Each structure stands twice: as structure tokens, then as C-alpha cells.
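The primary structure of each chain is shown beneath.
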Amino acid sequence: MTFQLPTNLSATISQSRARISIFNHEIDLDIVATTLTVLSILAVSRVVKLVRGLQSVNYMPGLRIPFQPLGFPGAVLPTSWWNPGMHFPWLWKNHFYKKYQSENVSVIPFVFGVPGIYTSNIDVARQVVAGGHKTSFIKPETASRALLLWGMNLIAADKEMWRKHRRIMGPAFTQQLYQMVWEQTIETYREMISVEGWADKQSVEVMSVQSLTFKLAFLIIGKCGFGFSFNWAEPPSSPDGSMSIQEALRVVADDHMLAIFLPNWIKRLPFRRLRILKTAHEQLMGFMQEQVSQKRAEIRGRDSVDKGKSDVFTMLVKANEDEAGKFRLDDEELIGNVFIMLFAGHETTAHSLAATLGFLSLHQDIQQEVLEQIIEVVGWNRVPVLGDYSKLNKVLAVFYEALRMFPAGHVMIREASEDTVLNIPNPPGEEGSTSMPIPKGVQVVVDMIGVQYNPRYFDEPNDYKPSRWYGVSNESEAFSAFSVGPRACIGRKFATTESVCFLTLLLRDWRVEPVLEKGETLDAWKQRVLDAKVILTLGVADVPIHFVRRK
């Protein structure tokens, strides 16, 4: 068989041999031998990569796998014995670290990816995620690819860039904001009861309580984050009205892997899912650009600014307009932070509220204990006020414990920017720590699922025990699911204020029960429902709840 190729190139293939002519020079190849040679070189190169990876982690025991779990293609392939994938920290949470008898396990890919260490130790986490200007660990761009689709932002930024964004964002989170969150949560709860038709009902079944918690959290971030005037009956839509902003956020979150890894030419192919993803991106970007433009015009026309406005976005743009030079954010950075507020500002709270209601439906004794505190503090009829927040510690505790068991920010990835050293605490029961050299380029993945299920920190970690948080203040780092150190979640108090207010109102009015399938036990319901789904964040699967009005 002869192939005529351009530019004085031709090839002839006969049985197991190939003759290639290049510029009148003929090369005779044995196809089998050449293939074996190429495969041998490839195999040797992978062995070399594996050995170098092992050396970089001092031969720490762990996984030896083809692909990095959080990179392509490992992250998009299902979890199996040969490919842990992005879901393994949840699926293997009860045996992964036990298998290696260590809180730190190496993960060495020999085909694609960089060597890394997964840790479930909070002291190691503090060393790598602190974010100080002298730290040897940085957040690799690959770890924030989904968030950087919209522009640099507070979560994706690092070192000096992070301080720049934190300087602008920080002043917006004030006591005045939390007062607004509390008041708007009360108003939104009342809207929910009215619009959903609960006012004259004695019981209501909701097959996915996320349909309520996501809408609630989105409306609260819209009202208090952006000063929008929409309500439960009229959620916001994109500029042309073709897609709701909440729907666009859901599409963007669910299909973020496609947005990250697919080449642009594939994204333009006429497949329905790709068309929906493209529309969602366009609508969301149009919405965010419109918000930035409108808010800037409002701030610059200072005479027309409502001096009482304290929503996060108004404060953010105002602080940015007041800055000069290197500290001012450009439009892309403003939009990046708008996306973070929209997404992180409702996604994590909504998932955690859904998990809280799921656990409370199973634990009627805990639900009763929380109700008794609500009645003791607020009574049956009084409208709760922000001043009640600190007295409703058991309400906060049930939310904290659900978030511990389903930590939304389930991984934090850092990479050594230079040769450095980690101090690895010795196993429980042993004093001191062991110094471990970490070469430049090695990644340390803080497995927050592993941290929250680590028996060093929590007795019976698989059990829902809100009492472990009784008396723990909102700012305490004893609760680490919001991250630790200076880079802990800036919206922590926003989320807990909203959640405590909503749960106080809901649990005072309604008893929460699980919706069981025919013949299903509570244990079977727990196994079926209280399972995780991992997208950009970690959340609970759809939670079916039966609400029964309290007499």
C-alpha cells in the first residue's frame, strides 16, 4: 500500500514493514519493532516519573495511580480501584487513612499529574493554607480553574493578590450587614410560606428540600449581597429574560468540568447540553457586567446614592472606587468577585441547610431539644431579633454539625513554590512531630472530609452529634469546616446568621420528618438520602422532607 503525501513525502506499507521516502531519502522501518521501541521508551519514562514522584515524598506510603485524582482525565473518570477520581475522599472516608495507618498519604501519578500528599491533619492544613507573605505554598492556578473562568477573585487569589482583594472585600462584612441578613431572612421565610401555599396547610411534603434552601439562600444573597428587590414569587432573570440567574448558576456549577477541559471548538458543536452551557455562561456574564456597570454609575453619582445601603456589592464597589493605584480592582476582578458572591454565597449555605434538615428529621430528640431552646429564647409568637443569635447556640450547633459531616469546601490544594519543610504531627498518643522535606512542585491536598471525619478530633465522627459544638463561638477555629487561618471563609457570619434565623423560624412552626418509601426504615433512608454529591462544592443528595405544623 502506497500513500502519496505532500512535500516530497511518501510512504509504502507492506505487511510488518514500512518504507518512508522523505526528500528522496528512503527509510525502511519494521513496524512491530518500532512500536515496541516506542512503547518501551514510554514505559521507561513512566517508571522514571514514578520513581521521581516517590523520591519527592520520601517514599511515603500511598496510592500509585495513572492519573492525578483532581486533574484531567482522572477527575472525570469514575472512582475505581485503579482511578480514585475526585470522589474518593468521600467514598473512602472511613478506610482510606486507616489503610495506611497515617493522617498523611502520598498520591503518585505515573502517567499524568504531579506528586502530592493528601492530609487529614489540621496542623498540616494550617501550615499550607495560612497564606502569609512568607509561606512556601501557593494555590496553583489549576486548582481554581473553574472560579477563574469569570476573573480573578478573593477565593482564587494568592499572596499579594489575595491581600488586595481582601482589602476591598473585608469592609463590606459589618454588623449592619448581618442585621440586614437577619431581617431579610425573616421576610423571605414569610414569603416562602405564603407563595408556596403553606399558610393554611397542616402538613407539606417536599421531595427535595434543596428546592427551598437554594431559593432561600439565593434570594438572601441577592437582597443582602446586591441590594436587589426581588422576592420569592419573582426571582431574578438574565437581561433578556431567557434564563433565571439561579438556573444559570446551577448549569455553570454542574457542567464546570466541560467548561474547563473542553476545547473551544468542541464547545461550539450543536449539542443540546453544550448549547445550554453556552447560554448559561452568556446570560450570567451579561447579568454580572450589567450589575458592575449599574453599581459603578450609582456610586459615582454620589448624590443619588442611598446612604443607608449596606449590601455587600454596594460596599465593595464603593470601596473600590475610593481606592487608587495598585489596590483598585479592574472590571474583570469585580466580575470575578460578583460570581464568587453569587455562587459561594448561596451554594454552601443551601447545601448545609438541606443536610441540617435531613439530620434533624432522623433525630427527633435533637430536634425537640433545639425547639425547647427556641421557645425559651424567643417564645412561640415573638419575632426573633439579631440579639437572640448568641443565645440560640443549639440552633447554630445543628447547622455546624451538618456542615462538618458535609464540608462544602471539601479540598484545599496548595503547591510548594520552593523547597520547604512540613512538620508532620506524630500519630495520636505520641508527642512531637517529624520534619519532612517537601521539594518544589509537590502538592499538598488538605482533605477536609478526612479532617472532619478524623477520630483524632471527633469521637464517633460518623454520628450526628451537635452537642460537640455547644458553647463554641462563631469565630472559633475549633470549627474548621469554614477553613482556618486568615483565609477562612469571609462569609462565615453571613451564612450562620441566615441559617440560625431561618432554622429558628422553621423549627418553631414545623416538625421535620423524613419522607420514607414504602417499607423503608430510618436507617435505610439515611443510607439512601444522606449521601454526598460532589460538583464544585460538596453537598448532600436530594433530601425528601415532610413538614408537620406544630400544634
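Above this text is the structure in question.
This write-up is about the structure you can find in this document. Remember, it's a predicted structure, so these values are computed and weren't measured experimentally.

### Side note on the layout of surface pockets
What the second largest pocket holds in volume is close to 570 Å³. If you go around the second largest pocket, you meet 29 residues; those closest to its centre are Tyr97, Gln101, Ser102, Glu103 and Asn104. Elements that contribute at least two residues to the lining of the second largest pocket include exactly α3 (96-99), β11 (420-425) and β12 (433-438). Element by element, the count of residues in the lining of the second largest pocket is highest for β12, at three residues. In terms of residue class, the lining of the second largest pocket is made up of 13 nonpolar, twelve polar and four charged.

### Considering the nonpolar core
Note that soluble globular proteins tend to have their nonpolar side chains buried in a common cluster. Ranked by size, the top nonpolar core spans 119 residues in total, and within it Trp198, Leu284, Phe339, Phe406, Phe494 and Phe547 carry the most contacts. Considering every element that reaches this core, the biggest residue donor is helix α13 (residues 331-362), with 15 residues. In contact with Phe406, not counting residues within four places along its chain, are Trp90, Ala355, Phe359, Leu530, Asp531, Ala532, Leu538, Gly539 and Val540. Membership of the second largest hydrophobic core comes to 23 residues, among which are Met60, Ile108, Ile117 and Ile438.

### Some thoughts on the packing of helix α7 (residues 210-226) against α13
Running from N to C, α7 and α13 cross one another at 145°; their axes reach a closest spacing of 8 Å. As α7 packs across α13, the resulting crossing turns out to be right-handed. Contacts between α7 and α13 involve Gln210, Thr213, Phe214, Leu216, Ala217, Phe218, Ile221 and Phe226 from the first element and Val338, Met341, Leu342, Gly345, His346, Glu347, Thr349, Ala350, His351, Leu353, Ala354 and Leu357 from the second. Its residues placed into classes, the contact of α7 with α13 shows 13 nonpolar, six polar and one charged.

### Considering the sheet that holds strand β5 (residues 62-67)
Reading across the sheet, the six strands line up as β5-β6-β7-β13-β10-β8 and stay open at both edges, with mixed pairing between neighbours. Both outer strands of the open sheet, β5 and β8 (137-138), are each paired with one neighbouring strand and no more. Inspection of the sheet shows β5 paired to strand β6 (residues 104-112) by five bridges, in the parallel sense. Bridge assignment links Ile65 to a residue of β6, and that residue is Pro109. Sitting on the sheet, helix α4 (residues 122-129) touches β6, β7 (116-119), β8, β10 (411-416) and β13 (443-447), and the angle it makes with β13 is about 130°.

### Quick word on the sheet that holds strand β14 (residues 510-514)
Read across the sheet, three strands follow the order β9-β17-β14 without closing on themselves; strand pairing throughout is antiparallel. Of all the strands in the sheet, just β9 (203-206) and β14 have a single pairing partner and so form its edges. Strand-to-strand twist across the sheet, computed as the mean angle between neighbouring axes with direction ignored, equals 20°. Taken together, the four bridges between β9 and strand β17 (residues 545-549) define a ladder with antiparallel strand orientation.

### As for α13
Along its 32 residues, α13 runs 47 Å from first to last C-alpha, staying within 8% of the 46 Å computed at 1.5 Å per residue. Capping of α13 at its N-terminal end is provided by Asp330; its side-chain oxygen lies 3.2 Å from the backbone amide nitrogen of Glu332.

### A look at the side chain of Ser106
Inspection of the secondary structure assignment puts Ser106 in strand β6. At 2.6 Å, the side chain of Ser106 forms a polar contact with the backbone oxygen of Met60. Excluding anything up to four places from it in sequence, Ser106 contacts Val57, Met60, Pro61, Gly62, Leu63, Arg64, Gly116 and Ile117.

### Notes on unusual backbone geometry
Geometrically, the link from Phe72 to Pro73 is a cis peptide bond, its omega value of 5° lying close to zero. Its location among the elements puts Pro73 in the loop between β5 and α2 (88-91). Phi is positive for Glu460, which is not a glycine, with a value near 45°. Relative to the assigned elements, Glu460 resides in the loop between α16 (448-452) and α17 (492-509). We classify Glu460 as partly exposed; its relative accessible area is 48%.

Cut-offs applied
- Residues numbered from 1 in each chain as written.
- Predicted model: local features only at pLDDT ≥ 70, side-chain atom pairs only at ≥ 80, totals over all residues.
- Heavy atoms only, no water.
- 1 Å grid on protein atoms, 1.4 Å probe; cavity = no way out; pocket = protein on both sides within 12 Å on 5 of 7 lines; lining within 4 Å.
- Points joined across faces, edges and corners; volume = space filled by probe spheres on them.
- Helix = DSSP H or I, 4+ residues; strand = E, 2+ residues; numbered from the N terminus.
- Nonpolar A, V, L, I, M, F, W, Y, C, P; charged D, E, K, R; others polar.
- Core = buried A, V, L, I, M, F, W, Y, C linked by side-chain atoms within 4.5 Å.
- Buried < 20%, exposed > 50% of the residue type's maximum accessible area, 1.4 Å probe, protein only.
- Contact = heavy atoms within 4.5 Å.
- Axes fitted to C-alpha atoms, helices over the stretch in contact; angles between N-to-C directions.
- Left-handed = near helix turned anticlockwise from the far one by under 90°.
- Pairing = 2+ DSSP bridges.
- Expected span 1.5 Å × (residues − 1).
- Polar contact = N/O pair within 3.5 Å; in protein donor to acceptor, adjacent residues only side chain to side chain.

None of the figures reported here should be taken as evidence of function without further support.
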